[in-house]
Amino acid sequence: MTNLATYFDQLLFVALPYVAFFVFFLVSITRYHWRGFTYSSLSSQFLENRQHFWGLVPFHYGIIVVLTGHVVAWLIPRQVLWWNDRPLRLYILEISALACGLLTLIGLVSLMLRRLTVSKIRVVTSKLDWVVLLLLLAQVVSGVGTAVLYPWGSSWYAAMAAPYLWSILKLNPDLTYIAAMPPLVKFHIVGAFALILVFPFSRLVHILVIPNPYLWRKPQVARWYRAPGEAAGEPV
Amino acid sequence: MNVRSQISMVFHLDKCIGCHTCSIACKNIWTDRNGTEYMWWNNVETKPGTGYPTAWEDQNKYNGGWAADGSRLRLKSTSKTQTVFNIFHNPSMPTMDDYYEPWTYDYQHLFNAPEGPDQPTARPISMVTGEPINVESGPNWDDDLSGSPIYAANDPNLAGLSEEEKAQLSAIERLVFFYFPRICNHCLNPACVASCPSGALYKRGEDGIVLLDQTRCRAWRACISACPYKKVFFNWSTGKSEKCILCFPRVETGQAPACFHSCVGRIRYLGVLLYDAGGIERMARLPEEELVEAQRSLVLDPTDPQVIAAARKSGIHDAVIESAQRSPVYKFVKEWKLALPPHVEFRTFPMLFYVPPLAPVMANRGATGVENVSQDLFHDIDTARVPMRFLANLFGAGHEGKVRYTLRKQKAVRWYRRALTVGDVGVDLAERMLREADSNVEEAEAIYRLTSLCTVDDRYVIPPMYREEAIEMMRDPLEHKQGVGFGLLRGPRRGM
Ligand code: HEM
Ligand code: SF4
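Residues numbered from 1 in each chain as written. Chains lettered and ligands numbered in written order. Predicted model: local features only at pLDDT ≥ 70, side-chain atom pairs only at ≥ 80, totals over all residues. Heavy atoms only, no water.

Student: Tell me about the coordination of the iron atom of ligand 1, and name the residues and values.
Tutor: All names here are of chain A. Those donors, His60 (NE2) and His206 (NE2), are the protein atoms that reach the iron atom of ligand 1, and they lie 1.9 to 2.0 Å from it. One way to put it: the six donor atoms around the iron atom of ligand 1 meet at angles of 84 to 179°, and that makes the site octahedral. Taken together, the residues span a long stretch of sequence, with histidine 60 in helix α2 (residues 50–75) and histidine 206 in the loop between α9 (183–198) and β1 (222–223) at a distance of 146 residues. Overall, the relative accessible area of 14% leaves histidine 60 in the buried class. With relative accessibility at 14%, the residue histidine 206 sits in the buried group. (Donors = N, O, S within 2.8 Å, 3.2 Å for Na, K, Ca; no water. Tetrahedral: all angles 85-135°; square planar, octahedral: opposite > 155°, others 65-115°. Helix = DSSP H or I, 4+ residues; strand = E, 2+ residues; numbered from the N terminus. Buried < 20%, exposed > 50% of the residue type's maximum accessible area, 1.4 Å probe, protein only.)

Written out as structure tokens, the structure is:
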């Protein structure tokens, strides 16, 4: 029994992450290179505008805050633990995180309903879109469930999950903390790896091409076959 | 002086017969694909009317173009900060309902229907969902419907017209209208380019054609709302924006764009304008009533030695300068001042100019039958059936001066030709009218020739672009020999 459990742990928490990250990088990069055209947010706002707002906006605001939280706590776990030292600060953090999780959930459910019920939107929904949405749903539900059932997530994530993720990065997987996690939490971790695995094949690649240069560039863009003024040897 | 060259256009509205040949030529070449059925890169609208998409000129509804706030020029629909917050849901995004849902007919049913007491019919089928639909509007639903209280009455250009002027538009069996063909204006200060978060939209340095890089577009859809002319379209199938490319593959090989080439009324002119790129931003901030003149002042005289020297310095080929000297667009826009930019108040500086129509109808039905409005041979332009203010809303940012100028000149040219060919008007009277319209006999002759007797070569003066040389500088032509070529090697498809 314990042998079997260890075997599964090895598979899900050691093999899976490496496979997922390897595929993620390989496919994202080659896809960008050879199939750059397919990198798009594949917006469907043109076909349906009202429900679009109530799904896409809460979902994105929620998920971006929650994901950023995960990354920050992974990068600076000690500072997070310091913050959580005071109960008031801990409550503020936990409540805002939970609120964002619920926001994500509401948005996700309403955008799934939109995909299901609006006939024009069904036309632009692929099977893979459904795989992604269902994986996200499972992920958000298990995340919110964890937050409610196992307080205080922000602290034990920083203390126990962050070291595990670092150990993966350092190519020296350490399952000490993971093995003891409750099944729901394990499910959430495996879901994350599954999402990373389908990520490069799906519409999620839009996250890799968020247009940050816009914030710095000049408004107008010109492209030249030659540099301007090149013929006269004097660039303008 | 930062001289650049721009392929520019003039449409002569008095010659447009509203046949839509241009639209069909364009559709057959560029937008007959899945996801583009609803797009009309070229369309012809009836004025007064609401156009396509419905009421596109109403920027309170669509938020397109630029606003000048004091010393700043800003896009109405977006900004750097707004892009961050609105990228998930664009609040100024038009939807398919503002255009129309494209449809075909279930022709198969005519063959497959089981035998019955009635004739089978071919029902309309949505080209998006494939389901039967009730057709309620189309891209040209108000064609020739000027005067109608449902369509024409909603034309945004009726703003500010008196009741009398409005009545004037729909007098005599409600027959007054003219046509307004539209393509992308390949603007000097394009709102679409400035709005694109990905930098996918760009102006070609060498000829000013505004293009959208399909591989860089990520469907953030800012361009759709930013373009005040609604000439960037969203391909709902590939998830990419698309727009008029001024048939650059044709232009590069010396052929006129398809809509120009097919134009039955020969209303379209194409040629190079040299302009000063350094002045654009300052000019675009000026008060509305100065904008027409401001845009004109950006256009440079291609025979001026200083301009030629500066053009050479910015790498403009001698053949392009020579082409600019023969440009029919330069004559209409700058020399004769007959052609005006549409809705210059959007501040994008459109490079497609229109010669406003000297609408012909002069009679009115009175108590005793048909009465002439004016005893003159050609009516007084101020009592024209299309009120001056309406044309001013379209072509003068609401100010009549520039429109009156071109109509007076056009009228004087007609009198002058009438004097020569029919002789029932005195030549001295005609010449006096020309003088009063800021013109003269030579100019009148030139205007007459380029308007009425123009050949293909007069209308389209296409500069050689030396694209083959430019491409050879960037790529080895032998690199792709016996291969599959370069560019997009796979059909544009949604997803991976
Ligand atoms: C980081 C910045 C992000 C930006 C700028 C962004 C932007 C967008 C945009 C523009 C769309 C298309 C919306 C439309 O239909 O008009 C979209 C859709 C979507 N995004 Fe994001 N996104 C971001 C992050 C994320 C993240 C972190 C996730 C989840 C892990 C995510 C998941 C999705 C999904 C699932 C859809 C499809 C929704 C549907 O079914 O309609 N996005 N995103
Ligand atoms: S008219 Fe053409 S160039 Fe001007 S803003 Fe619209 S799409 Fe861009």
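Alright, that's what it looks like, and here's the rest.
Student: So what about α2 of chain A? Which residues, and what values?
Tutor: Residues and elements named next belong to chain A. With 26 residues, α2 extends 38 Å from end C-alpha to end C-alpha; this agrees with the ideal 38 Å at 1.5 Å per step. What α2 keeps buried is the set His52, Gly55, Leu56, Val57, Pro58, Phe59, His60, Gly62, Ile63 and Ala73. Elements in contact with the buried residues of α2: α3 (77–83), α4 (87–117), α6 (127–149) and α7 (153–169). (Expected span 1.5 Å × (residues − 1). Contact = heavy atoms within 4.5 Å.)

Student: Any chance you could break down the nonpolar core for me, citing the residues and the numbers?
Tutor: All names here are of chain B. Tyr38 and Phe260 are the most contacted members of the largest nonpolar core, which totals 134 residues. Per element, the largest residue contribution to this core is seven residues, and it comes from helix α17 (residues 401–421). Apart from residues lying up to four places away in sequence, phenylalanine 260 is in contact with Met9, Phe11, Ile183, Leu246, Arg268, Tyr269, Leu270 and Tyr460. (Core = buried A, V, L, I, M, F, W, Y, C linked by side-chain atoms within 4.5 Å.)

Student: How would you summarise the sheet that holds strand β8 (residues 201–204) of chain B if you had to cite specific residues and measurements?
Tutor: Judged by pairing direction, the sheet is mixed, and its three strands sit side by side in the order β1(A)-β8(B)-β9(B) without closing on themselves. Of all strands in the sheet, those bounded by a partner on one side alone are β1 of chain A together with β9 (210–212) of chain B. The pairing of β1 of chain A with β8 of chain B spans two bridges and is classified as parallel. For alanine 222 of chain A, the partnering residue across the bridge sits in β8 of chain B and is lysine 203 of chain B. (Pairing = 2+ DSSP bridges.)

Student: Just give me the short version of the packing of helix α16 (residues 388–395) of chain B against α17 of chain B, but keep the residues and values in it.
Tutor: All names here are of chain B. At a minimum axis distance of 8 Å, the contact between α16 and α17 shows a crossing angle of 115°. Taken as axis vectors, α16 and α17 run roughly perpendicular relative to one another. Seen from above, α16 lies across α17 with right-handed handedness. Taken together, the residues of α17 that come into contact with α16 (itself represented by Met388, Leu391, Ala392 and Phe395) are Val403, Arg404 and Leu407. For the contact of α16 with α17, a count of residues per class yields six nonpolar, no polar and one charged. (Axes fitted to C-alpha atoms, helices over the stretch in contact; angles between N-to-C directions. Parallel < 35°, antiparallel > 145°, perpendicular 65-115°, else oblique. Left-handed = near helix turned anticlockwise from the far one by under 90°. Nonpolar A, V, L, I, M, F, W, Y, C, P; charged D, E, K, R; others polar.)

Student: So what about a negative patch on the surface? Which residues, and what values?
Tutor: Residue and element names in this part refer to chain B. A cluster of acidic residues, Glu468, Glu469, Glu472, Asp476 and Glu479, forms a negative patch at the surface. Here glutamate 468 lies in helix α21 (residues 467–474). Look at glutamate 468 and you get partly exposed, because its relative accessible area is 48%. (Patch = residues over 30% accessible without salt bridge, like charges linked within 9 Å, V, L, I, M, F, W, Y side chains within 5 Å. Areas by Shrake-Rupley, 256 points an atom, 1.4 Å probe, with all protein chains shown as cover. Salt bridge = Lys/Arg side-chain N within 4 Å of Asp/Glu carboxyl O. Lys, Arg positive; Asp, Glu negative; His and termini not counted. Charge placed at Lys NZ, Arg CZ, Asp CG, Glu CD.)

Student: How would you explain the environment of isoleucine 316 of chain B if you had to name every residue and give the values?
Tutor: Looking at the element boundaries, isoleucine 316 of chain B is found in the loop between α13 (305–313) and α14 (318–325). Put simply, isoleucine 316 of chain B and glutamate 206 of chain B are 110 residues apart on the chain and 7.7 Å apart in space, counted from C-alpha to C-alpha.

Student: Provide a residue-level description of the site of ligand 1, including the pertinent values.
Tutor: Residue and element names in this part refer to chain A. What surrounds ligand 1 is a group of 24 residues, the closest being Ser43, His52, His60, Arg115 and His206. Here arginine 115 contributes a side-chain N or O atom positioned 2.6 Å from an oxygen atom of ligand 1. A distance of 2.7 Å is found between a nitrogen atom of ligand 1 and a side-chain nitrogen or oxygen belonging to histidine 206. Every element with two or more residues in the shell around ligand 1 is listed here: α2, α4 and α6. No other element matches α2, which puts seven residues into the shell around ligand 1. (Near = heavy atom within 4 Å. Polar contact = N/O pair within 3.5 Å; in protein donor to acceptor, adjacent residues only side chain to side chain.)

Student: An account of the packing of aromatic side chains is requested, with residue identities and associated values reported.
Tutor: Scanning the entire structure with this criterion turns up 36 aromatic pairs over all chains. Considering the side-chain rings of phenylalanine 46 of chain A and phenylalanine 234 of chain B, the 6.3 Å spacing of their centres and the 55° angle between planes classify their relative orientation as tilted. Taken as a pair, phenylalanine 46 of chain A in the loop between α1 (2–34) and α2 and phenylalanine 234 of chain B in strand β10 (residues 232–235) lie in two separate chains rather than in one. Phenylalanine 234 of chain B carries the same exposure label as phenylalanine 46 of chain A, and that label is buried. Note on tryptophan 56 of chain B and phenylalanine 180 of chain B: the rings are 6.5 Å apart at their centroids and 20° apart in plane angle, and the pair reads as stacked. Here tryptophan 56 of chain B, found in the loop between β2 (43–47) and α2 (59–62), pairs with phenylalanine 180 of chain B, found in strand β7 (residues 178–182); they are 124 residues apart in sequence, far enough to count as distant. On the basis of relative accessible area, phenylalanine 180 of chain B is assigned to the buried category, the value being 0%. Connected via pairs of aromatic rings, a cluster forms that spans Phe46 of chain A together with Tyr38, Tyr52, Tyr99, Tyr100, Trp103, Trp141, Phe233 and Phe234 of chain B. Of note, arginine 223 of chain A hangs over the ring of tyrosine 202 of chain B, and the distance from its end group to the ring centre comes to 4.0 Å. (Phe/Tyr/Trp six-rings, centres within 6.5 Å; stacked < 30°, edge-to-face > 60°. Lys NZ or Arg CZ within 6 Å of the ring centre and 35° of its normal.)

Student: Run through the interface of chain A and chain B, naming residues and quoting values.
Tutor: Between chain A and chain B, the residue contacts involve 52 residues of the former and 72 residues of the latter. Carbon and sulfur atoms make up 61% of the area that chain A and chain B hide from each other, which totals about 5,300 Å². Its largest share of buried area at the contact with chain B, chain A owes to Phe37, Phe46 and Tyr225 of chain A, together 19% of the area lost on that side. At the junction of chain A and chain B, the tally comes to two salt bridges. Across the pair aspartate 213 of chain B and arginine 223 of chain A runs a salt bridge whose closest N-O atoms are separated by 3.0 Å. There are 27 residue pairs in polar contact (both at pLDDT 80 or more) connecting chain A and chain B. Among the elements of the structure, α1, α2, α5 (119–123) and β1 of chain A are those that each provide at least two residues to the side of chain A that touches chain B. Among the elements that line the side of chain A that touches chain B, the one with the most residues is α2 of chain A, at seven residues. A class-by-class count of the residues in the side of chain A that touches chain B yields 30 nonpolar, 13 polar and nine charged. (Buried area = accessible area lost by both parts, 1.4 Å probe.)

Student: How would you sum up the environment of valine 44 of chain B? Please name residues and give values.
Tutor: Residue and element names in this part refer to chain B. By the secondary structure assignment, valine 44 is in strand β2. Residue valine 44 is classed as buried on the basis of its relative accessible area of 3%. Along the sequence, valine 44 and lysine 334 sit 290 residues apart, while their C-alpha atoms lie 26 Å from each other. Not counting residues up to four positions away in its chain, the partners in contact with valine 44 are Cys16, Gly18, His20, Cys22, Ser23, Asn140, Tyr179, Phe180 and Pro181.

Student: Tell me about the packing of α2 of chain A against α7 of chain A, and please be specific about residues and values.
Tutor: Residues and elements named next belong to chain A. Running from N to C, α2 and α7 point in directions that differ by 80°, and their axes come no closer than 8 Å. One way to sum up the angle between α2 and α7 is to call them roughly perpendicular. Facing α2, whose interface residues are His70, Ala73, Trp74 and Leu75, α7 presents Tyr157, Ala158, Ala162, Leu165, Trp166 and Leu169.

Student: Before we move on, can you summarise helix α1 (residues 21–30) of chain B with the specific residues and values?
Tutor: Every buried residue of α1 of chain B is listed here: Cys22, Ser23, Ala25, Cys26 and Lys27 of chain B. Looking at the packing, one finds that the buried side of α1 of chain B touches β2, α10 (258–261) and β12 (268–276) of chain B.

Student: Describe the pairing of strand β4 (residues 72–75) of chain B, with residues and values.
Tutor: Residue and element names in this part refer to chain B. The two faces of β4 differ: Leu73 and Leu75 on one face are buried, but Arg72 and Arg74 on the other face are not. Pairing analysis gives four bridges linking strand β3 (residues 66–69) to β4, with the strands arranged antiparallel. Looking at the pairing, aspartate 69 lines up with arginine 72 of β4.

Student: Describe the site of ligand 2, with residues and values.
Tutor: All residues adjacent to ligand 2 are Cys184, Asn185, His186, Cys187, Pro190, Ala191, Cys192, Val210, Cys227, Tyr229, Val232 and Lys243 of chain B. Counted by class, the shell around ligand 2 contains nine nonpolar, two polar and one charged residues.

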